[in-house]
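Observations on the model geometry
Listed here are the chains, written in short residue letters.
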Amino acid sequence: MRFHVLTLFPEMIEGIVNTSITGRAIKNGYMSVDTVNIRDYSTKKTMRVDDYPYGGGAGMVMEAEPVFRAVSAIEDKIGRKPRVVYLTPQAEVLNQTKVEELAVEEDLVLLCGHYEGIDDRVLQEVVTDYVSIGDYVLTGGELGAAVLIDAVSRFVPGVLSNEESSQFESMQDNLLEYPQYTRPEEWHGVRVPPVLLSGDHTKIEAWRYEQSVLRTQERRPDLLRNSYRVLCVTYGDEGDETDALVMSLTETITRYGEYQDYARRKLQKTRRALGANELLILGVPAGITDPEKDVDAAVRFRNLRGTASPAVLVFSPRAGEEVRKSIRDCLTKNGFVIIGVYEAEETGVEKIREIGLEIRKKALHFHDR
Ligand code: ADE
């Protein structure tokens, strides 16, 4: 990932990004942050880049031409038109989904304004994304750019060590992190919750999920609207790549996925009703029989019920047309809304992550219908 920051104060950016984890990532070559001083592209002998606003009013406005030239210089250097993000309070506030969306880019140009803003004509011409880092006004876009670089860098391969890895994080579930504790076991008379000392990882994960939900309810109830519990259903068809793919896809979407193998007799008899905040990810291996024709298969599908619940289907490329149609119809009839259909041939970590992100965006959208 290469960040190109257009700014009047390069030292503000450099001071921040060359420190700590981003500093290490730059030194090790996993990412780069080039600062471009917009003043270097001034059209005037004085090297000024601002002027009075038409129509009067307080403050100065950054001129269009220096910004345009600075962006063009980057385009010439990299040989294509990159995404250009303008940091401004007049935009949607940055969130984790947007961060991940930006992280797939090879180059990102971050444009930092100052004074009373930038001549709108150049913004119309070059900017692809408007991003705010919060509903307050800063003196310029530099701190916003640094925040964006920091958040995006966590998704750049190699930037975080395994231990620091962002892979399993509650934020991707639109939940806040659960509380953390370290030694000593008792501090100021308060003991660490006993479950964390139990060594039982299933219990610990369940406790953490519960704590995350409680914390989110208490501190950021607005996030819960777009939070999904993910149920990953497979059919245990050994030798079929679909199951493994569907499971790793679920892992990229959620930390708290529930995995059920419907090939197990016990589960086939269990009725399962999903709510609107539950997302079904269903893997369909080639060997699955048509639920319209096969009673056994029909029972399994009928036991899966939704309440306008979003569902994603992942078919084995060898699954027949009839089965595909029949399963779609069956799910729709049972109260699911299919938000995505994928083929199980899409392998590779990057590709799976991309699909995972797409599904999460669709799920967010699904709720805003
Ligand atoms: N520039 C000024 N205020 C800002 C904000 N809140 N977010 C991003 N850029 C800004």
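Now for a description of the structure that goes with this document.

Calculation notes
Residues numbered from 1 in each chain as written. Predicted model: local features only at pLDDT ≥ 70, side-chain atom pairs only at ≥ 80, totals over all residues. Helix = DSSP H or I, 4+ residues; strand = E, 2+ residues; numbered from the N terminus. Buried ≥ 20, exposed ≤ 12 C-beta atoms within 10 Å, placed from the backbone. Contact = placed C-beta atoms within 7 Å. Pairing = 2+ DSSP bridges. Axes fitted to C-alpha atoms, helices over the stretch in contact; angles between N-to-C directions. Near = placed C-beta within 6 Å. Nonpolar A, V, L, I, M, F, W, Y, C, P; charged D, E, K, R; others polar. Left-handed = near helix turned anticlockwise from the far one by under 90°. Expected span 1.5 Å × (residues − 1). Parallel < 35°, antiparallel > 145°, perpendicular 65-115°, else oblique.

A closer look at the overall build of the protein chain
- Summing up its helical and strand segments, the protein chain has 13 helices and 16 strands in all.
- C-alpha atoms of the protein chain, sized along the principal axes, occupy 80 × 60 × 40 Å.
- When each of the 369 residues of the protein chain is scored for burial, the buried share is 33%.
- A sequence separation of at least 24 residues applies to 79% of the contacts in the protein chain between residues at least 6 apart.

A word on the sheet that holds strand S6 (residues 107-112)
- An order of S2-S1-S6-S5-S7 is seen for the five strands of this open sheet, with the pairing classed as parallel. Each edge of the open sheet carries a strand with a single partner, namely strand S2 (32-37) and strand S7 (129-131). Taken pair by pair, the neighbouring strands of this sheet meet at an average axis angle of 25°, ignoring direction.
- Both strand S1 (residues 2-7) and S6 contribute to a ladder of five bridges, which runs parallel. Residue pairing across strands places histidine 4 opposite valine 109, the latter belonging to S6.
- Helix-sheet contacts for helix H1 (residues 10-17) involve S1 and S2, and the interaxial angle to S2 is about 165°.

Overview of the sheet that holds strand S10 (residues 229-234)
- Here five strands make up an open sheet; going across it, the order is S11-S10-S13-S15-S16 and the pairing parallel. Taken across any chain shown, the strands that pair with only one partner, and hence form the sheet edges, are strand S11 (258-261) and strand S16 (336-343). If you compare each strand with its neighbour and ignore which way they point, the axes differ by 20° on average.
- Strand direction decides the pairing type here: strand S13 (residues 278-284) and strand S15 (residues 309-315), joined by five bridges, are parallel. Paired with glycine 283 across the two strands is valine 314, which belongs to S15.
- In the packing of helix H9 (residues 241-253) onto the sheet, contacts are made with S10, S11, S13 and S15, and the angle to S10 comes to roughly 175°.
- Packed on one face of the sheet, helix H13 (residues 349-367) meets S13, S15 and S16 and runs near 165° to S16.

Side note on the site of the ligand
- All residues in the neighbourhood of the ligand are listed as Leu87, Thr88, Pro89, Ser132, Ile133, Gly134, Tyr136, Val137, Leu138, Gly140, Gly141 and Gly144.
- Of the residues belonging to the shell around the ligand, the class tally is six nonpolar, six polar and no charged.

Things to note about the packing of helix H4 (residues 96-103) against H13
- Two elements in contact, H4 and H13, have axes whose closest approach is 11 Å; the angle formed by their N-to-C orientations is 145°. Between H4 and H13 lies a crossing of left-handed hand. Between H4, through Thr97, Glu100 and Glu101, and H13, the contact on the second element is made entirely by Leu357, Arg360, Lys361 and Leu364.
- For the contact of H4 with H13, the residue count by class is two nonpolar, one polar and four charged.

What about the environment of alanine 103?
- Position of alanine 103 relative to the elements: it lies in helix H4.
- Sequence separation between alanine 103 and aspartate 368 is 265 residues, and the spatial gap between their C-alpha atoms is 24 Å.
- Beyond its immediate stretch of four places on either side in the chain, alanine 103 contacts Val152, Phe155 and Val156.

Digging into the pairing of S1
- Of all six residues in S1, five are buried, a share of seventy percent or more.
- Note: S1 against S2, six bridges, orientation parallel. Note that in S2 the partner of phenylalanine 3 across the bridge is valine 33.

A look at H9
- With 13 residues, H9 should reach 18 Å at 1.5 Å per residue; the first-to-last C-alpha distance of 19 Å fits that figure.
- Of all the residues in H9, the buried ones are Thr242, Asp243, Leu245, Val246, Leu249, Thr250 and Ile253.
- Of the surrounding secondary structure, the elements contacted by the buried residues of H9 are S10, S13, S15 and H13.

A few points about the packing of H1 against helix H6 (residues 142-153)
- Where H1 meets H6, the closest approach of the two axes is 9 Å, and the angle between their N-to-C directions is 30°. Classified by the angle their axes make, H1 and H6 are roughly parallel. Both H1 and H6 take part in a crossing whose hand is right-handed. On H6, the residues touching Met12, Ile13, Ile16 and Val17 of H1 are Glu142, Ala145, Ala146 and Ile149.
- Here the contact of H1 with H6 is composed, by residue class, of seven nonpolar, no polar and one charged.

Here's the deal with the environment of cysteine 112
- Within the secondary structure layout, cysteine 112 lies in strand S6.
- For cysteine 112, a count of 28 C-beta atoms within 10 Å gives the class buried.
- Residues cysteine 112 and glycine 140 lie 28 residues apart in sequence; the distance between their C-alpha atoms is 6.5 Å.
- If we ignore the near neighbours within four places in the chain, the residues touching cysteine 112 are Val5, Leu6, Thr7, Leu87, Gly140, Gly141, Glu142 and Ala145.

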